[in-house]
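Below are the chains, spelled out letter by letter.
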Amino acid sequence: QVQLVESGGGLVQPGGSLRLSCAASGRIVSIYSMGWFRQAPGKQREWVAVITSTGSTRYADSVKGRFTISRDNAKNMVYLQMNSLTPGDTAVYYCHYDRVGWGDDYWGQGTQVTVSS
């Protein structure tokens, strides 16, 4: 099992910034991908960004240029820096951990991000 704990969500005004953090513990492996998904009320969960154990990153078109995903391997942490936030970014954000080659993946409990004036 891998445990994921997110933090950093909250209420922010349009144009503002937030930084989400995700701490991973448990059966961590050396080859993995960690990412962020989000789910807005009444909508399906959607992928936001991913970073691999090699440091490669990819972003959904909706956040490209505004969000940055990063990691700290020594601390088993992944971060999502979110800038230029809009009300459309309002959602519960979930951390995801994929143990590449092991056939299992894990989710955090989610952290609420609300963008409103």
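Above this note sits the structure.
Cut-off values and rules
Residues numbered from 1 in each chain as written. Predicted model: local features only at pLDDT ≥ 70, side-chain atom pairs only at ≥ 80, totals over all residues. Heavy atoms only, no water. Salt bridge = Lys/Arg side-chain N within 4 Å of Asp/Glu carboxyl O. Buried < 20%, exposed > 50% of the residue type's maximum accessible area, 1.4 Å probe, protein only. Helix = DSSP H or I, 4+ residues; strand = E, 2+ residues; numbered from the N terminus. Pairing = 2+ DSSP bridges. Axes fitted to C-alpha atoms, helices over the stretch in contact; angles between N-to-C directions. Disulfide = S-S within 2.5 Å.

1. Considering the pattern of salt bridges
Move 1: Applying the stated criterion across every chain yields a total of 5 salt bridges.
Move 2: Between Glu46 and Arg38 there is a salt bridge; the shortest N-O distance is 2.6 Å.
Move 3: A relative accessible area of 35% places Glu46 in the partly exposed class.
Move 4: The salt bridge partner of Asp89 is Arg38, with a shortest N-O separation of 2.9 Å. Placement of Asp89 in the loop between β8 (77-82) and β9 (91-99) and of Arg38 in strand β4 (residues 32-39) is noted, with a sequence separation of 51 residues between them. Just as Asp89 is buried, Arg38 falls in that class too.
Move 5: Because the salt bridges share partners, they merge into one network encompassing Arg38, Glu46, Arg66 and Asp89.

2. Some thoughts on the sheet that holds strand β3 (residues 18-26)
Move 1: Strand order in the open sheet formed by 4 strands is β1-β3-β8-β7, with antiparallel pairing between adjacent strands. In the strand order of this sheet, the two ends are held by β1 (2-7) and β7 (67-72), each with one partner. Sheet twist, expressed as the mean angle between neighbouring strand axes with direction ignored, is 15°.
Move 2: Of the pairings in the sheet, the one linking β7 to β8 comprises 6 bridges and is antiparallel in character. Counterpart to Ser70 in the pairing with β8 is Tyr79.

3. Topic: the pairing of strand β5 (residues 46-52)
Move 1: Bridging between β4 and β5 involves 6 bridges; their strand directions are antiparallel. Along β5, the bridge assignment pairs Phe37 with Trp47.
Move 2: As consecutive antiparallel partners, β4 and β5 are separated by 6 residues, and within that stretch Gly42 has a phi angle of approximately 75°, a positive value.
Move 3: Relative to strand β6 (residues 57-59), β5 runs antiparallel, the two sharing 3 bridges. Across the sheet, residue Val50 finds its bridge partner in β6, namely Arg58.
Move 4: The antiparallel hairpin formed by β5 and β6 contains 4 residues in its connecting segment, where Gly55 sits at a positive phi of about 95°.

4. Structural notes on the state of the cysteines
Where two cysteines share a covalent bond between their sulfur atoms, that bond is called a disulfide.
Move 1: Within the structure shown, the criterion is met by 1 disulfide.
Move 2: The disulfide partner of Cys22 is Cys95, and the S-S distance across this bridge is 2.1 Å. An S-S torsion of about -85° defines the bridge between Cys22 and Cys95 as left-handed. With a gap of 73 residues between them, Cys22 in strand β3 and Cys95 in strand β9 connect regions that are remote in the sequence.
Move 3: With a relative accessible area of 0%, Cys22 lands in the buried category.

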